[in-house]
Amino acid sequence: QTVVTQEPSLTVSPGGTVTLTCASSTGAVTSDNYPNWFQQKPGQAPRALIYSASNRHSWTPARFSGSLLGGKAALTLSGVQPEDEAEYHCLLYYGGAQVFGGGTKLTVL
Amino acid sequence: QVQLQESGPGLVKPSETLSLTCAVSGYSISSGNFWGWIRQPPGKGLEWIGSVHHSGSTYYNSSLKSRVTMSVDTSKNQFSLRLSSVTAADTAVYYCARRGGTYNFDFWGQGTLVTVSS
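Source: prediction; values computed, not measured.

## Quick notes on the sheet that holds strand 3 (residues 17-24) of chain A
Residue and element names in this part refer to chain A. Taken in spatial order, the 4 strands of this open sheet run 1-3-8-7, and their pairing is antiparallel. Edge positions in the sheet fall to strand 1 (4-6) and strand 7 (64-69), since each has one partner strand and no second. In this sheet, adjacent strand axes meet at a mean angle of 20° when their direction is disregarded. Both strand 1 and strand 3 contribute to a ladder of 3 bridges, which runs antiparallel. Bridge pairing in strand 3 places Gln 6 opposite Cys 22.

## Examining the environment of Ala 62 of chain A
All names here are of chain A. If you trace the backbone, Ala 62 turns up in the loop between strand 6 (55-56) and strand 7. Residue classification places Ala 62 among the exposed residues on the basis of a relative accessible area of 62%. Taking C-alpha positions, Ala 62 is 8.7 Å from Ser 78, a pair spaced 16 residues apart along the chain.

## Details of the state of the cysteines
Should the sulfur atoms of two cysteines be covalently bonded, the bond is a disulfide. Per the stated rule, a full pass over the model turns up 2 disulfides over all chains. Two residues share a disulfide in this structure: Cys 22 of chain A and Cys 90 of chain A, whose sulfurs sit 2.1 Å from each other. Looking along the S-S bond of the Cys 22 of chain A-Cys 90 of chain A disulfide, the torsion reads about 75°, which is the right-handed sense. Taken as a pair, Cys 22 of chain A in strand 3 and Cys 90 of chain A in strand 9 (residues 86-94) lie far apart in primary sequence, 68 residues in all. Through a disulfide, Cys 22 of chain B is tied to Cys 96 of chain B; the S-S separation comes to 2.0 Å.

## Observations concerning the interface of chain B and chain A
Counting residues at the interface gives 22 residues for chain B, matched by 22 residues for chain A. A combined buried area of about 1700 Å² lies between chain B and chain A, and 62% of that area is made up of carbon and sulfur atoms. The largest per-residue losses of area from chain B upon contact with chain A belong to Leu 46, Trp 48 and Tyr 103 of chain B, which jointly make up 37% of the total buried on that side. Contributions of two or more residues to the side of chain B that touches chain A are made by strand 4 (34-40), strand 5 (47-53), strand 9 (92-99) and strand 10 (105-108) of chain B. Looking at which element gives the most residues to the side of chain B that touches chain A, the answer is strand 10 of chain B, with 4 residues.

Criteria and thresholds
- Residues numbered from 1 in each chain as written.
- Chains lettered and ligands numbered in written order.
- Predicted model: local features only at pLDDT ≥ 70, side-chain atom pairs only at ≥ 80, totals over all residues.
- Heavy atoms only, no water.
- Pairing = 2+ DSSP bridges.
- Helix = DSSP H or I, 4+ residues; strand = E, 2+ residues; numbered from the N terminus.
- Axes fitted to C-alpha atoms, helices over the stretch in contact; angles between N-to-C directions.
- Buried < 20%, exposed > 50% of the residue type's maximum accessible area, 1.4 Å probe, protein only.
- Disulfide = S-S within 2.5 Å.
- Contact = heavy atoms within 4.5 Å.
- Buried area = accessible area lost by both parts, 1.4 Å probe.

This is the structure in structure tokens:
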């Protein structure tokens, strides 16, 4: 069973920069895993942020950027805003199947 | 604008079958996309259940495969999930979503809570 791992929690100051990562138990995350990132606030459905590792959706603010970094998928938030406090989920593709990470709770403090 | 809306019973008895439908508006379900179901147990992370294409092609989570059936009704522009032999572990908010061309779920329903209890 493939496991996708994210940091359980991170804290960042307003205006700061933070990087969330997404690792695969099968080895390095590559573009063939088509990494996706989602933001979820309490009581709401997830909202898509990034697809194919680094592509923003039309509604995604420019302060969110995605990349492949050191064998993992990464989501970097620059100039963090209070409204960025949320749970962030990554999703990886494995030739038909898809697996979510456990999620990272980001606190803006 | 693509919109998705889940519907179905909010309470299912143990050992019975959970059935949900996702109505799609603003977009044709026959346009070539896959359509997915994702669930989230209370206080936990997201779990991909599976994806279905209007042609009938499906991909299922291997841990649920023996209990899951997904289908598409193009005449009603909706797709469905059936999960058999449910237990309390299947209690979750169930979301439906459109899968974009590069394996991303870009549009989501609001989710529906299904509780498994006698």
